[in-house]
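Single-letter residue listing:
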Amino acid sequence: MTERAQTTKRQQITPHHDRAVTAIARAIGDLRRGTPVVLHSAESAIIVAAAENGPGAMNTLCGQITACVVTAPRAHVLGMKQGDDAAIQVESPAPLTSTDIDVIIGDATANGDAFSGTVATALQTSAVQLVKLARLLPAALVADCPGRPEITPDIFATQEDLLFVDANDILRYRAASEELLDAVVEVNVPLANAEDARMVTFRPADGGKTHLAIIVGNPDPDTPVLTRLHSECFTGDLLGSLRCDCGDQLRGAVNAIAAAGGGILLYLAQEGRGIGLVNKLRAYQLQDSGFDTIDANERLGFDADERVYTPAASMLTQLGYRTVRLMTNNPAKVAALSAHGVIISDRVPHAFPANGHNEHYLQTKAVRGGHIL
């Protein structure tokens, strides 16, 4: 690392912040296992991820699921037009059954004419946000906590061995997931066509997946450094999938940086534009049914692009670089990185020919995503 980066002070996390991060991290683990949690703000409710094996546990705890809450994009798929509200409570004339839930979230192409929707409460919106943080389909089942005066929600959670989670901690956790600790490990890793390369790892403050900086040569921090931000793609980068251009972009960036005499590639742990590998494969299923990349993500309940660029800006800052020549075809990426204080001296085109399998994917990026190809 540069001398400037070596003098960077480790970010400090307050005890309250650490408690919030720990609580939400534990809740995420439980939701991924299909275990309900008790979520609390001005009110309280039992929640579970709708896509996991939690409905049975919910029925055992409270007898009836009172709501299924989805994001606005998924509600629109089901024919519910509620404007730009973050989350929608799906309503049914009768109590929701497992078949209803399968229609709402299990079959992403199903017709939801049997349902109507209302704007979700603040607590219900927090429930969907928490499920989304768990990289699960963004839909939450909600049930009321027992109403007996002698059993308050926190006592109920203790009796049932469930986590009692403060909804206000979700925002603190989301902030921590974008904060980076100082570089954890730096090591030489000679690469094909870039033998003078080293790798620096950065761990998020929430303990999540590690981001990597691959530095080729010794770029001067006082001049614009050739830089590529690359979101991880297991299928394209590792397996050589032809459905996207990610593998070509990754290897092409390393080659271009080496040919230029040095630069940086940031390998960001944001699979599937931030929705995670499993959900990306679900989106692939929808693409096989005729939907494009953006529509597929939105039909699952996600935004078209869930990536954030705070970690990338932090990595560059800690490495001592403030001005970059950004290798990208995406003007939105230029704007996002600039908004986090990185100076973009120029945009360097980084496109590759179609391969016979990804023409529609590239066309979607250009026509709907605004990429310059």
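Student: Help me understand the overall build of the protein chain, please; the structure alone is not making it clear to me.
Tutor: On a plain count of helices and strands, the protein chain comes out with 16 helices and 14 strands. The burial tally for the protein chain puts 50% of its 373 residues in the buried class. Counting only contacts in the protein chain whose residues sit at least 6 apart along the sequence, the fraction spanning at least 24 positions is 66%. Element-wise, carbon and sulfur atoms account for 51% of the exposed surface of the protein chain, whose accessible area totals about 16800 Å².

Student: Just to check I follow, could you spell out helix α6 (residues 122-133) for this structure?
Tutor: Note that an α-helix has 3.6 residues per turn; residues three or four places apart therefore point the same way. In a regular helix each residue adds 1.5 Å, so twelve residues correspond to 16 Å; α6 covers 17 Å between its end C-alpha atoms and thus fits that length. Among the twelve residues that make up α6, nine are buried, leaving the element largely enclosed by the rest of the structure. Considered for burial, the residues of α6 that qualify are Leu-123, Gln-124, Thr-125, Ser-126, Ala-127, Val-128, Leu-130, Val-131 and Leu-133. Looking one or two places after α6, you find Arg-135, whose phi comes out positive at around 60 degrees.

Student: Mind showing me how you'd approach unusual backbone geometry here?
Tutor: Trans peptide bonds make up the majority, and among non-glycine residues the majority have a negative phi. One non-glycine residue with positive phi stands out, namely Arg-135, at about 60 degrees. For Arg-135, the location among the structural elements is in the loop between α6 and β6 (139-144). For Asp-161, which is not glycine, the phi torsion reads 60 degrees and is therefore positive. Locating Asp-161 in the fold gives a position in the loop between α7 (153-159) and β7 (164-166).

Student: Would you mind showing me how to read the sheet that holds strand β4 (residues 87-91) here?
Tutor: Hydrogen bonds between backbone atoms are what pair the strands of a sheet, whose relative direction is either parallel or antiparallel. The strand order across the open sheet built from seven strands is β5-β4-β3-β6-β2-β1-β7, with neighbouring strands paired in mixed fashion. The open sheet has two edge strands with one neighbour each: β5 (116-119) and β7. Averaged over all pairs of adjacent strands, the angle between their axes in this sheet comes to 35 degrees, without regard to strand direction. Of the pairings in the sheet, the one linking strand β3 (residues 67-71) to β6 comprises four bridges and is antiparallel in character. Directly across from Val-69, in β6, lies its bridge partner Ala-140.

Student: Which parts of the structure should I look at to understand the nonpolar core?
Tutor: Across soluble globular proteins, nonpolar side chains show a tendency to be buried alongside one another. The biggest cluster of nonpolar side chains holds 30 residues, and the ones touching the most others in it are Ile-24, Ile-28, Val-37, Leu-39, Ile-47, Val-69 and Leu-130. Of all the secondary-structure elements, those providing two or more residues to this core are α2 (15-32), β1 (37-40), β2 (44-49), β3, α6, β6 and α8 (169-178). With six residues, the top contributor of residues to this core is α6. Core analysis: the second largest hydrophobic core is formed by 24 residues, Leu-180, Met-315, Leu-337 and Val-342 among them.

Student: How should I be thinking about the pattern of salt bridges in this particular structure?
Tutor: Two side chains of opposite charge can pair, provided their charged atoms sit close to one another. Taken as a whole and assessed by the stated rule, the structure comprises 13 salt bridges. A salt bridge links Arg-33 to Asp-30; the nearest nitrogen and oxygen atoms lie 2.3 Å apart. Measuring nitrogen to oxygen at the nearest pair gives 3.2 Å for the salt bridge that ties Asp-288 to Arg-243. You can see Asp-288 sitting in helix α12 (residues 277-288) and its partner Arg-243 sitting in the loop between α9 (234-238) and α10 (246-259), a full 45 residues away along the chain. Each of Arg-19, Asp-169 and Arg-172 takes part in salt bridges that share partners, so that together they form one network.

Student: What am I meant to see in the pairing of strand β14 (residues 343-348) here?
Tutor: As defined by bridge partners, strand β13 (residues 323-327) adjoins β14 across five bridges and the pair is classed as parallel. When the sheet's bridge partners are listed, Val-324 is paired in β14 with Ile-344. For the handedness criterion, the β-α-β arrangement of β13, helix α15 (residues 331-339) and β14 is classed as right-handed.

Student: What exactly am I supposed to notice about the confidence of the model for the protein chain here?
Tutor: Regions with low pLDDT carry predicted coordinates that are not meant to be interpreted in detail. Averaged over every residue, the pLDDT of the protein chain is 87; the share at 70 or more is 90%. Mean pLDDT in the protein chain bottoms out at helix α1 (residues 3-6), which sits at 42, and peaks at strand β12 (residues 263-268), which reaches 98. For the stretch residues 2-16, pLDDT sits under 50, and the model shows 22 contacts to residues farther than four places along the chain or on other chains.

Student: Could you clarify how one ought to interpret α8 in this entry?
Tutor: Considered for burial, the residues of α8 that qualify are Asp-169, Ile-170, Tyr-173 and Ala-176. Projected onto a plane normal to the axis of α8, the buried residues spread over an arc of 120 degrees and lie on a single side.

Student: Is there a simple way to explain the packing of α6 against α8 in this structure?
Tutor: How two helices sit against one another is set out by the angle between their axes and by the gap between those axes. Axis separation between α6 and α8 bottoms out at 10 Å; the angle between their running directions is 30 degrees. Comparing the axis directions of α6 and α8 gives the class roughly parallel. You can see that α6 and α8 cross each other, and the crossing is left-handed. Judged by residue contacts, Ser-126, Gln-129, Leu-130 and Leu-133 of α6 engage Ile-170, Tyr-173 and Arg-174 from α8. Grouping the constituent residues of the contact of α6 with α8 by class yields four nonpolar, two polar and one charged.

Student: Would you take a moment to explain the pairing of strand β9 (residues 197-204) for this structure?
Tutor: Successive residues of a regular strand alternate their side chains across the two faces of the sheet. A large share of β9 lies buried, amounting to six of its eight residues. Where strand β8 (residues 180-188) and β9 come together, five bridges link them in antiparallel fashion. For Ala-183, the partnering residue across the bridge sits in β9 and is Phe-202. One ladder, built from six bridges, connects β9 with strand β10 (residues 211-216); its direction is antiparallel. Each residue of the ladder has a partner; that of Val-200, found in β10, is Ala-213. Hairpin connection, β9 to β10: the antiparallel pair is bridged by six residues, and Gly-207 has positive phi, about 80 degrees.

How each quantity is defined
- Residues numbered from 1 in each chain as written.
- Predicted model: local features only at pLDDT ≥ 70, side-chain atom pairs only at ≥ 80, totals over all residues.
- Heavy atoms only, no water.
- Helix = DSSP H or I, 4+ residues; strand = E, 2+ residues; numbered from the N terminus.
- Buried < 20%, exposed > 50% of the residue type's maximum accessible area, 1.4 Å probe, protein only.
- Contact = heavy atoms within 4.5 Å.
- Areas by Shrake-Rupley, 256 points an atom, 1.4 Å probe, with all protein chains shown as cover.
- Expected span 1.5 Å × (residues − 1).
- Pairing = 2+ DSSP bridges.
- Axes fitted to C-alpha atoms, helices over the stretch in contact; angles between N-to-C directions.
- Core = buried A, V, L, I, M, F, W, Y, C linked by side-chain atoms within 4.5 Å.
- Salt bridge = Lys/Arg side-chain N within 4 Å of Asp/Glu carboxyl O.
- Right-handed = clockwise from strand over helix to strand, strands pointing away.
- pLDDT = per-residue confidence, 0-100.
- Arc of directions from axis to C-beta.
- Parallel < 35°, antiparallel > 145°, perpendicular 65-115°, else oblique.
- Left-handed = near helix turned anticlockwise from the far one by under 90°.
- Nonpolar A, V, L, I, M, F, W, Y, C, P; charged D, E, K, R; others polar.

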